[in-house]
Each structure stands twice: as structure tokens, then as C-alpha cells.
Amino acid sequence: MAEENDNSQEKTEEATPRRLEKAREDGQTARSKELATMAVLLAGAGGLLVFGAAMGTSMVDIMRDNFILERSAIFDTREMSNQLLAAAKDATWATAPLLILMLVAAIAGSIGIGGLLVSGKAIAPKLNRMDPIKGLGRMFSMRSLIELVKALLKVGLVLVVAILILNVRTDDLLSISEEPVNSAVEHVLWTLGWSFVILACATIIIAAIDVPFQIYDHQKKLRMTKQEVKDEFKDTEGKPEVKGRIRQLQREMAQRRMMQEVPGADVVITNPTHYAVALKYDQKKMAAPVVVAKGSDETAFKIMEIAREHKVEIMRTPPLTRAVYHNTELGDEIPDGLYMAIAQVLAYVFQLRQFRKGRGDKPHVPDFPIPSDLRRDV
């Protein structure tokens, strides 16, 4: 039932970063074949203009070397293979710059959108691609129709541009037949190069339309339903109820550890109806008294209950308790401004213990000095 509900929802949400990352892992990214085609054609056309003269000269040299043979070479059975190897070597060197330029353009055009992506999943065999019914569905899908329209427009555009070029260059092409071989070859390559450049420029229009479409189509495929976004959030961040339970257990564990420190405290100061703070001071190990437990409401009553069980002195000091509670965290030393007040508290506790042992007079509760910037009224 949940799956049916998911399928019935519209994919209106943009892909999350996790969805985009997973798509790249699966080899899915925006690609434009028209951009790659345009890059290769422009590189080839530009390469012909730049390297055309050198290539023409090399072609003339290759033809001359292969059409002019000495009489002795005719009767040598190895001469033809040597001639072929030499011609192939010269042709390779002559066309290498153009081929390298086109290779770089092909790679750049392929990764122009989507960036470089290497994924084994993209080339892994998938049995569902061999399903003839699904194959027919892809052949007659809306995407196939769009690709067909694009192909027809591309052929039509290139054909129109080619006809215009031929009409403009007819006289120039016919005059080539009257030129010497060397100049004719260079003229042909120069004419082909510029004609090729113009034809390649026509593909810029197609690429300019196809690139935004491919980006839009890729983003559309990766869109998610609201339920998918919620499910992904639960998977990555954890279910709210589970996280809440974990936080509750962590709080309970921290509270148990805190309560275990109360019996070793020197004093517990309280605002009896709201707060309780347990303080400990060891002159050999601590630079100042440390808050070993603190809490409000039920936690405060629990701290006081444990303190009574272990005969830890409890002092009712509402202003000082509020100041310490709101200006410290568990395990912190008390603020500098409260040193004097806490020192008086510890001194009072020491004198009280001596009085109970019959070694002195009963001490009076002093007025604890609290700086105005540390005071809290609630």
C-alpha cells in the first residue's frame, strides 16, 4: 500500500544532495551528444585551417614517392610493403596533430556538462535492457520521438548550410581544376576547412538548444516525491523517534553519572523550590571549586535526597545558587566573580562541622557577595 501511495505522488521536489551523489555513483549524469559533436567538428575544422597546408604538402610528397618508382623496385617483391609502411608512417605524422586535437575536443565535449565520471555500474550488463518489450517501449517513447526530431532538424540545418556554401563557392571550386597540383591541393584543403568551419558553426545552434534540455531532463528524472525526501531524511539522519530515544538514554546515563558524584561533594547549595548545585573542592587537584552536579525541579530534589542520604551539607542560598546554576556547566570551575561567595560557603561548612564536633561556636550564615553581571532573578 505504501508503494502504491509513493507511485501515485508527483515528483515535485528537487533532488537532494544524497540523491545526486547516488546518481553519479550509478553513472547517471547530464550528457549532451550534440555538444560533443559540435566540439569535434569545430576542432576538426579549425585543425584543417591550421594544419591543412602542412597536410597538403605531406599528401603531395606521399603521392609523388609512391607514383614514381625506379625500374629495380618493380622486380623487388619487398618494395611494395616498404612503400606502404613508409606512406603509412608519413600519413600518421601528417595527420597526428589534427587527430590529437579532435581527441581532446571529443573528451572535452563529452565532459562539458556533468564533468568527468568513472563508474563501473554504468557499463555493467543489465538484463532488463535485453527485454524486447521494454526495448520496443523505448523505441516508441517520447524520448525517442524527441531524438528523432532533433536528428531531422540537425540534418536539415546542416543540409541548408551546405547548399548555401556550395552556391557561394561554386565558381571558386570550379577554378581549382585549372591550378597546379600543389596549389590546388592547398586550395581544396583551405576551401574544405572554411566550409567545414561554417558547417560546424551550424551545430552550435543545435548544441545551444540541446545542452539546457539535457540538464533539465536529467534534473527532472532525479526529482523526488515528498515521501521519498522524508524517507531519505530518515535513512540518513535517523528516525525522529529513534533519535529521541537515543538522546533520552544519553541524558539518563549522564544523569546517573552525575548523581554518582553527589556523595563526594563538599556542599550542595539550593534554591529549595527550583535549583540544586553540588560543589567539590580539592586544594591539591583543583584550582577552584568545581560543579559536580546540577539540576532543576525533579533533578534538584534528587540531588538533595542523595546529599541527605550521604550526609552532605545542604545550604539554602537562592541568589548564589541561581548565579552558579546559570553561569556554569557540569564539570566547570565556578566563575571568578563567585570565588569569594563560594569561599565563604566552604568556610561556613567547615565551621559548621567543627561546631557539631564540639570544637567551636555555631557559625552565622554570611551574606554572599554576588556581582551584578552574574545575578539571575529566576
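Residues numbered from 1 in each chain as written. Predicted model: local features only at pLDDT ≥ 70, side-chain atom pairs only at ≥ 80, totals over all residues. Heavy atoms only, no water.

Taking an unreviewed UniProt entry as the reference, the chain is identified by name as Flagellar biosynthetic protein FlhB belonging to Marinobacter confluentis. Taken directly from UniProt, the Function (unreviewed entry) text for the chain runs: "Required for formation of the rod structure in the basal body of the flagellar apparatus. Together with FliI and FliH, may constitute the export apparatus of flagellin." (UniProt positions renumbered as here; feature names shortened; annotations may be inferred.)

Asker: Please clarify how the overall build of the chain should be interpreted in this entry.
Answerer: Scanning the chain from N- to C-terminus turns up 14 helices and four strands. Out of the 378 residues in the chain, the part that is buried amounts to 30%. Counting contacts in the chain only where the partners sit at least 6 residues apart, residues at least 24 apart contribute 75% of the total. Summing over all exposed atoms, the chain offers an accessible surface of approximately 25100 Å²; the carbon and sulfur share of this is 61%. (Helix = DSSP H or I, 4+ residues; strand = E, 2+ residues; numbered from the N terminus. Buried < 20%, exposed > 50% of the residue type's maximum accessible area, 1.4 Å probe, protein only. Contact = heavy atoms within 4.5 Å. Areas by Shrake-Rupley, 256 points an atom, 1.4 Å probe, with all protein chains shown as cover.)

Asker: Looking at this structure, how should I read the packing of helix α3 (residues 33-67) against helix α9 (residues 181-221)?
Answerer: Angle between the axes and distance between the axes: these two values describe a pair of packed helices. Running from N to C, α3 and α9 point in directions that differ by 170°, and their axes come no closer than 7 Å. Judged by the inter-axis angle, α3 sits roughly antiparallel to α9. (Axes fitted to C-alpha atoms, helices over the stretch in contact; angles between N-to-C directions. Parallel < 35°, antiparallel > 145°, perpendicular 65-115°, else oblique.)

Asker: Teacher, can you tell me more about the sheet that holds strand β1 (residues 267-271) here?
Answerer: Note: strands within a sheet are paired through backbone hydrogen bonds, in either parallel or antiparallel orientation. Spatially, the four strands line up as an open sheet ordered β3-β2-β1-β4, and their pairing is mixed. Edge positions in the sheet fall to β3 (290-296) and β4 (313-316), since each of these pairs with one other strand and no more. Averaged over all pairs of adjacent strands, the angle between their axes in this sheet comes to 20°, without regard to strand direction. By the bridge criterion, five bridges tie β1 to strand β2 (residues 275-280) in an arrangement that is antiparallel. Residue pairing across strands places isoleucine 269 opposite valine 277, the latter belonging to β2. Against the sheet, helix α13 (residues 318-327) touches β1, β2, β3 and β4, its axis set at about 75° to β2. Strands in contact with helix α14 (residues 339-356) are β1, β2 and β4; relative to β4, the strand with the most contacts, it is inclined by about 125°. (Pairing = 2+ DSSP bridges.)

Asker: It is not clear to me how the nonpolar core should be interpreted in this structure. Could you clarify?
Answerer: Most often, soluble globular proteins keep nonpolar side chains buried together rather than apart. If you look at the biggest cluster of nonpolar residues, it comprises 22 residues, and the most contacted ones within it are Ile269, Leu279, Met315, Leu320, Val324, Leu338 and Val345. Broken down by secondary-structure element, the contributors of at least two residues to this core are β1, β2, α13 and α14. Per-element accounting of this core gives the leading share, six residues, to α14. In this structure, valine 345 is in contact with Val267, Ile269, Met315, Leu320 and Phe368, ignoring residues within four places of it in sequence. Listed in part, the 15 residues of the second largest apolar core include Ala265, Ala276, Ile303 and Ala307. (Core = buried A, V, L, I, M, F, W, Y, C linked by side-chain atoms within 4.5 Å.)

Asker: Even after reading the chapter, I still don't get the packing of aromatic side chains, so can you show me in this structure?
Answerer: A ring pair, where both rings are aromatic, is described by two values, the distance of the centres and the angle of the planes. This structure, assessed with the given rule, holds one aromatic pair. Against the face of tyrosine 325 rests lysine 294, its NZ or CZ located 4.3 Å from the ring centre. (Phe/Tyr/Trp six-rings, centres within 6.5 Å; stacked < 30°, edge-to-face > 60°. Lys NZ or Arg CZ within 6 Å of the ring centre and 35° of its normal.)

Asker: For this particular structure, what's the right way to read the pairing of β1?
Answerer: In summary, the side chains of a regular strand alternate between the two faces of the sheet. Counted residue by residue, β1 has five buried out of five residues, so it is predominantly covered. Residue alternation in β1 divides its side chains into two sets, Val267, Ile269 and Asn271 and Val268 and Thr270, and both sets are buried. Taking the residues that link successive antiparallel strands as the turn, the β1-β2 hairpin has three residues. In this sheet, β4 lies alongside β1 in parallel orientation, the contact comprising four bridges. Considered in β4, the bridge of isoleucine 269 is made with methionine 315.

Asker: What should I look at first to understand the packing of α3 against helix α5 (residues 79-110) in this one?
Answerer: Between α3 and α5, the shortest axis-to-axis distance is 8 Å and the interhelical angle comes to 170°. One finds that α3 runs roughly antiparallel with respect to α5. Considering only residue class, the contact of α3 with α5 consists of 18 nonpolar, eight polar and two charged. (Nonpolar A, V, L, I, M, F, W, Y, C, P; charged D, E, K, R; others polar.)

Asker: What should I look at first to understand the pattern of salt bridges in this one?
Answerer: Between side chains of opposite charge, a pair can form when the charged atoms approach closely. Considering all chains together, one arrives at three salt bridges under this definition. Across the pair aspartate 217 and lysine 221 runs a salt bridge, and its minimum N-O distance is 3.7 Å. Here lysine 221 and aspartate 217 lie together in helix α9, a separation of four residues that amounts to about one turn. Note that glutamate 313 and arginine 356 form a salt bridge whose closest N and O atoms lie 2.7 Å from each other. With a gap of 43 residues between them, glutamate 313 in strand β4 and arginine 356 in helix α14 connect regions that are remote in the sequence. Taking relative accessible area as the criterion, glutamate 313 reaches 12% and is therefore assigned buried. Given a relative accessible area of 55%, arginine 356 falls into the exposed group. (Salt bridge = Lys/Arg side-chain N within 4 Å of Asp/Glu carboxyl O.)

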